[in-house]
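Read off the chains here:
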Protein chains: 2
Amino acid sequence: MTLIFRWIAVLGAAVIVLMIPVPVGITPASWHLFAIFAATIVGSIVRPLPAGAIVFLGVTALAITKTLTPAQALGGYAEPLAWLVLSAFFMSRGVLKSGLGRRIAFVFIRAIGHHSLGLAYALVSSDVLLATVLPSNSARAGGVVFPITRSIAEAYDSTPGPSARQLGAYLLFTVYQCDVIACATFLTGQVSNVLAVRLAKDATGIDISYAKWLTGAAVPALLSLAFVPWLLMQVYPPAVKHTPDAARMAAAELHRMGPMRREEKTMLAVFVLVAALWMTAPLHHIDYAIVAMLGVGTLVVTGVLTWNDVTGERAAFDVFIWYGGLVRMAGALGDSGLTARFAQASAGISAGWEWGAALAVLLLVYFYAHYGFASITAHITAMFTPFLLVLLAAGTPPLLAVLFLAYFSNLSASLTHFGTTTAPIYFGAGYVSQRDWWRLGLLISAVTITIWTVFGLLWWRVLGWW
Amino acid sequence: MTLIFRWIAVLGAAVIVLMIPVPVGITPASWHLFAIFAATIVGSIVRPLPAGAIVFLGVTALAITKTLTPAQALGGYAEPLAWLVLSAFFMSRGVLKSGLGRRIAFVFIRAIGHHSLGLAYALVSSDVLLATVLPSNSARAGGVVFPITRSIAEAYDSTPGPSARQLGAYLLFTVYQCDVIACATFLTGQVSNVLAVRLAKDATGIDISYAKWLTGAAVPALLSLAFVPWLLMQVYPPAVKHTPDAARMAAAELHRMGPMRREEKTMLAVFVLVAALWMTAPLHHIDYAIVAMLGVGTLVVTGVLTWNDVTGERAAFDVFIWYGGLVRMAGALGDSGLTARFAQASAGISAGWEWGAALAVLLLVYFYAHYGFASITAHITAMFTPFLLVLLAAGTPPLLAVLFLAYFSNLSASLTHFGTTTAPIYFGAGYVSQRDWWRLGLLISAVTITIWTVFGLLWWRVLGWW
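Focus: the nonpolar core
A:Trp83 and B:Trp83 are the most contacted members of the largest nonpolar core, which has 361 residues in total. Contacts of B:Trp83, omitting those with residues within four sequence positions, involve A:Phe56, A:Leu74, A:Tyr77, A:Phe320, A:Ile321, B:Tyr77, B:Ala289, B:Met293 and B:Phe320.

Given below as structure tokens:
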């Protein structure tokens, strides 16, 4: 029956909007659009069906009610950013399939995994390195790093239950928390970052490139990636401090894997090529999506991926369907004048505020609102544009507002054991209790908010960004 | 090494085009477009990779060479027709999964399957009925009808080898030949029909609706569906003439299946709804694609399909990728003026021909060219537009030219044991020798060409279409 209530919430959102009189200056069609958008957002929060299905229904509703023409409603599926996401997911499959992801992790572990803190850094480094190109944190932190982390814990007889805190709980929780930071570090760290960039561009005209996103994140990201594993070692310490077996295991695995096979080398070359082309995009102006498609094309031509691997990549098509639909709806809302109207209204609300105070209050609200979201995507879709508009109305420098919201959308996933796609995997392993997760998640959130605010603001000042 | 030669053919096609001096009045960018298009077409014929992968590479090449912008190159993925195809494939999954397809076949068999000719009509009828909505002939003739046909043959001890001609060979070959006719009967009978419609619209401005396609096909299709099983009964007769066990088996299966479950009823309702909305499109102007999406949405909301079923539908995404890419390339060629230039040139070639003579000669060439194609799609992509333009230049009434080419593209798949996606399935069962297939395929081609030409022309005259 809970399913019925979810559907009632979804339809209710549309009905409520439709019952409000259409504001002056807004066309009835735009108001219908807003009603369908509201239902889609509520749907992607309460999820009577997976998010992709909700958006599919939303797009269908837009066209069937003739709110948009079919070509307009489907327009998002020709967006290069949708194809960036799709292609990056295909590349993730290549990293998993070729074994490159495992090799990277084992190389780090062999090098610095002799004690538990080093081991944590090794695992985190693997995840961060993969995040340069792979926006699927399920593939990266879930598919590559998680099984290795768990098998190391098990090798030290740390399993769910009394022995969980021996080693496994520390490692898994640390990797998860740092994966969230990795999500925030790269434009491709997490799949809805491209959505945030797109929404930011619609609202402010500011175009955040891969390089710009990374430059802005670099200093606070490095500081938090360095600090969080150390901090958790103090407040959530494992009993096992020395882990020579982990390094030995990694060495043995690497030995067993032997030298890199052709597929793995090809994957590595594609990985490096794609990352390099993304970072240098302002020089050659090849679109991110096309670079990613070139990467996928290379993997298919060289046989690292079969075409069957590509077309069988469920998660990729799921994300493609929701992304293409949402981005189009958000764009159409902008075109309809509703977004501008909201901005005018919010200018009234925040009139007379210091922008610094507005920023502080609104960012905290934005961040901790994530307690109510089971995905970063839902959070961004529902709250990014309205919060951005209010911040702009209060006089916040646009670039600052955009960066804070974009980074915080990811960092807030630290809070709960369902904060982003990988959380249920790490929580589901059974090492970390919910109580610990929420308690420590809150602590980490205070730490990352502080680091990203203080050092972020300093760093962006140094860069002359405000 | 044969793979290398295929790639050489693909790249060679582009190189040859690029070596030809750019015709006056055509921009270099358009000529690059043509080179990439030529390579894509050759690629989808010689297939060093599956067709979807070839098109993916073609789209990437278009954007990376800056022949088109990324948004232009990807524009086809926002085409409603691409989403029609995608959604119709999702519906096919529902027909398979819910068991509705099997039930339809068993109902027909129970009713008229008491002797082998009736049995053939029953199997063919199931396939034709499904073709009203399902463009995936792999799902329809391959997934639903094929296993039933084979198990009936086996029940009569007809297996590959000496007993093949007892019953199995006749049934399988007849069903295949009639599936090819079903492909030609409906706009949704086969996946590249929508491509033909799109190409026809670009070249002539004529918009072939679902209803118009079906109206044009109705008389010749019914005649050939009635005649071909009977003809094969004369020239390729099975030893077993009476098949009471088939009808009994069907009755037993239906008994075992029990009354329709909720999923099956829902699927049936969606099936009828979609077909009805497609046929009445000129009345309500809801786009075909949106109707199909409504159907899929209903199946997902009611749980007939899970979202996982949808995103796991490999074949659907494969087709989506090639369709969206090809349609865009063809459109861009039209915009570039190259298609118009070709039309002018061909006007010179066919100047002074009677259009009737031109039609007869060119249609035969078009039809029998299918000996060289392993898919209807490749055939249409490579030959439809040029042949249409030459026919128009010779003065053929445009609608006639379009209909003949569209229907013949499908009917020509009768010729070989690799003529369309289902051919390898039916041939691979091992009942029909290659010699018989080609010999009888040639016979059937003469029959269908005659029926569709004579009765087609008559019928279209009655309709006032020429």
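From this point, the narrative continues.
A few points about the confidence of the model for chain A
Summary statistics for chain A give a mean pLDDT of 93 and a share of 100% for residues scoring 70 or more. Interface confidence for the predicted complex, expressed as ipTM, amounts to 0.90; the pTM equals 0.90.

Things to note about the relation of the copies chain B and chain A
Take chain B, turn it by 180°, move it 0.0 Å along the axis, and it overlays chain A with an RMSD of 0.0 Å. Considering both components of the superposition, the chain copies are consistent with a two-fold axis. Here 100% of the interface residues in chain B have copies in chain A that are interface residues too; the copies meet face to matching face.

Here's the deal with the interface of chain B and chain A
Every contact between the two is made by 42 residues of chain B and, on the other side, 42 residues of chain A. Taking both partners together, chain B and chain A bury about 3800 Å²; carbon and sulfur atoms supply 83% of that area. Run the count over chain B and chain A and you get zero salt bridges. Counting the contacts that link chain B with chain A gives eight residue pairs in polar contact (both at pLDDT 80 or more). Of all elements in the fold, only helix H3 (51-64), helix H4 (70-73), helix H5 (80-98), helix H15 (288-301), helix H16 (307-311) and helix H17 (314-336) of chain B reach the threshold of two or more residues within the side of chain B that touches chain A. Looking at which element gives the most residues to the side of chain B that touches chain A, the answer is H3(B), with eight residues. Residue composition of the side of chain B that touches chain A, grouped by class: 27 nonpolar, ten polar and five charged.

As for unusual backbone geometry
Residue and element names in this part refer to chain A. A positive phi angle is found at Lys66, which is not glycine, with a value near 60°. Examined against the element boundaries, Lys66 turns out to sit in the loop between helix H3 (51-64) and helix H4 (70-73). Lys66 gets classed as partly exposed once you look at its relative accessible area, which sits at 47%. Although it is not a glycine, Asp157 sits at a positive phi angle of roughly 55°. The topology assignment puts Asp157 in the loop between helix H8 (137-155) and helix H9 (168-185).

Notes on the side chain of A:Glu313
Relative to the elements of secondary structure, A:Glu313 occurs in the loop between helix H16 (307-311) and helix H17 (314-336). In this structure, A:Glu313 is in contact with A:Phe89, A:Phe90 and A:Arg93, ignoring residues within four places of it in sequence.

Considering the pattern of salt bridges
Residues and elements named next belong to chain B. Tallying each qualifying case throughout the model produces 28 salt bridges over all chains. One salt bridge in this structure joins Arg93 and Glu313, with 2.8 Å as the shortest N-O distance. Highlighted residues: Arg93 in helix H5 and Glu313 in the loop between H16 and H17, separated in sequence by 220 residues. Classification of Arg93 as partly exposed rests on a relative accessible area of 30%.

About the criteria used
Residues numbered from 1 in each chain as written. Chains lettered and ligands numbered in written order. Predicted model: local features only at pLDDT ≥ 70, side-chain atom pairs only at ≥ 80, totals over all residues. Heavy atoms only, no water. Core = buried A, V, L, I, M, F, W, Y, C linked by side-chain atoms within 4.5 Å. Buried < 20%, exposed > 50% of the residue type's maximum accessible area, 1.4 Å probe, protein only. Contact = heavy atoms within 4.5 Å. pLDDT = per-residue confidence, 0-100. Least-squares fit on C-alpha atoms with pLDDT ≥ 70 in both. Buried area = accessible area lost by both parts, 1.4 Å probe. Salt bridge = Lys/Arg side-chain N within 4 Å of Asp/Glu carboxyl O. Polar contact = N/O pair within 3.5 Å; in protein donor to acceptor, adjacent residues only side chain to side chain. Helix = DSSP H or I, 4+ residues; strand = E, 2+ residues; numbered from the N terminus. Nonpolar A, V, L, I, M, F, W, Y, C, P; charged D, E, K, R; others polar.

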